[in-house]
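# Observations on the three-dimensional arrangement
Spelled out from the first residue to the last, the chains are:
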Amino acid sequence: MRSYAHPETLVTTDWVSQHKSDPNVRVVEVDVDTKAYEEGHIPGAVGWNWQTELCDTVRRDVISKTNLEKLLGSSGITNNTTIILYGDNNNWFAAWALWQLKMYGHSDVRIMNGGRKKWLAEGRELTKDSPKYGEATYTVTGFNERYRAFLRQVEKAMNDRTFVLVDVRSNDEFTGKILAPPGLPETCQRGGHIPGAKNIPWAQACNDDGTFKSADDLDALYTSKGVTPDKNVVAYCRIGERSSHTWYVLNYLLGYPTVSNYDGSWTEWGNLVGAEIER
Amino acid sequence: MRAEQYQTEQRDLAGIPMRVESYKIGDRYYCHVANVDPGATLARTEGGTRAAAIDAALLKVANRLGGKSPG
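Residues numbered from 1 in each chain as written. Chains lettered and ligands numbered in written order. Predicted model: local features only at pLDDT ≥ 70, side-chain atom pairs only at ≥ 80, totals over all residues. Heavy atoms only, no water.

## A look at the overall build of chain B
Keep this limit in mind: To qualify as a helix, a DSSP run of H or I must reach at least 4 residues; to qualify as a strand, a run of E must reach at least 2; elements of each kind are numbered from the N terminus. To get the radius of gyration, use the C-alpha atoms; to get the globule rule, take the number of residues to the power 0.38 and multiply by 2.2 Å. Partly exposed describes any residue whose relative accessible area lies between the buried limit of under 20% and the exposed limit of over 50%, with all areas from a 1.4 Å probe on protein chains only and scaled to the type maximum. Note on contacts: a residue pair qualifies if any of its non-hydrogen atoms lie within 4.5 Å across the two residues. Charge counting follows a simple rule: Lys and Arg are positive, Asp and Glu are negative, and His as well as the terminal groups are ignored. To locate a charge, the coordinates of NZ of Lys, CZ of Arg, CG of Asp or CD of Glu are taken.
Regarding its fold elements, chain B presents one helix and four strands. Order of helices (α) and strands (β) in chain B, N terminus to C terminus: β-β-β-β-α. In terms of overall dimensions, chain B is globule-like: its C-alpha atoms have a radius of gyration of 12 Å, near the 11 Å expected for 71 residues. With respect to the three principal axes, the spread of C-alpha positions in chain B is 35 × 20 × 15 Å. Within chain B, the proportion of its 71 residues that are buried is 49%. Restricting the contact set of chain B to residue pairs at least 6 apart, pairs at least 24 apart contribute 24%. Averaging the coordinates of the 10 positive side-chain charges in chain B and doing the same for the 8 negative ones gives two points 3 Å apart.

## Remarks on the packing of helix α4 (residues 88–103) of chain A against helix α9 (residues 242–253) of chain A
All names here are of chain A. For the record, the criterion: Between N-to-C directions, angles span 0 to 180 degrees; the directions come from axes that are lines fitted to C-alpha atoms, helices contributing only their stretch in contact. Orientation labels follow simple angle bins: below 35 degrees gives roughly parallel, above 145 gives roughly antiparallel, 65 to 115 gives roughly perpendicular, and whatever is left gives oblique. Left-handed is the label given to a crossing in which the near helix is rotated counterclockwise from the far helix by less than a right angle, and right-handed is the label when the rotation is clockwise. Put simply, Ala, Val, Leu, Ile, Met, Phe, Trp, Tyr, Cys and Pro go in the nonpolar bin, Asp, Glu, Lys and Arg in the charged bin, and everything else, Gly too, in the polar bin.
The contact between α4 and α9 brings their axes to 7 Å, and the two run at 70 degrees. Taken as axis vectors, α4 and α9 run roughly perpendicular relative to one another. In terms of crossing hand, the pair formed by α4 and α9 is left-handed. When α4 is examined against α9, the residues Asn-90, Asn-91, Trp-92, Ala-95, Trp-96, Leu-98, Trp-99 and Lys-102 are found in contact with a partner set consisting of Arg-242, Ser-244, His-245, Trp-247, Tyr-248 and Tyr-252. In the contact of α4 with α9, the residues fall into eight nonpolar, four polar and two charged.

And the structure:
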């Protein structure tokens, strides 16, 4: 049985239970539903809001270097802190935070396998108290651009056989039957997918309890659709968050050498005048 | 405190598969409804009983899906 390529990026709920108070460990909850943290969270965990704290709130972009330094500093995180991310819905937005932290070069950031769902289901300790940590100094020292894909790169990748595009949205979004998941705003003008993209919905990487599938199962899932490690893989979804989950799986659990996340995703491509679309 | 009596079930609401999670924290019951794919939250509610929390959540979902009746 194969093991994960980078098991050091994943911790169990048990590990978090034992290490959540370690001074060099900071647990951070990042939820799709930003109200979940207030219901109760892991003692000592800080909560980050993906809508206001993990993006540029003026122009469409990831968090700026300056704002990331402020966010980490105010969370008591230094460059040497081990950051443990967890969240609701199979760690959907925990992966979004991890993608950004890895782009900004934080060396030790991990995901709690199973996320919030598993912690609750196991009846583990919760609190409503927000922790107060002393201000720390955090300095971003670089930016890994290779983890991110922009429109021009995707346009080139579409016609380059060394690349494979992975559309991780639902099949109904992929085929253009719907423009957005039920209950969410339709933020594109056209439905469908980027020509040539393979459809592997992101949540297929998870078990029912929210944990990641085994390396063997993940390998079978992606290689069966032609998403293989010899290719340059570009993952995308609607706004780049579901695809950051797939980016994590391919990069760290399967160890694919070249994986990037196209965070412009369908809300960019599906609004472009004249862009090629397949259904 | 801890989450107690954690339950999750799948239901079709207005023709859309939804995951309905409910549990008790302290003396309150919480309910969270998200679509199965991709898992976007449609309602998060609380109540004095599990049934009250779930009913409130289902009502919110119905309103959000344009007044279609859930179930």
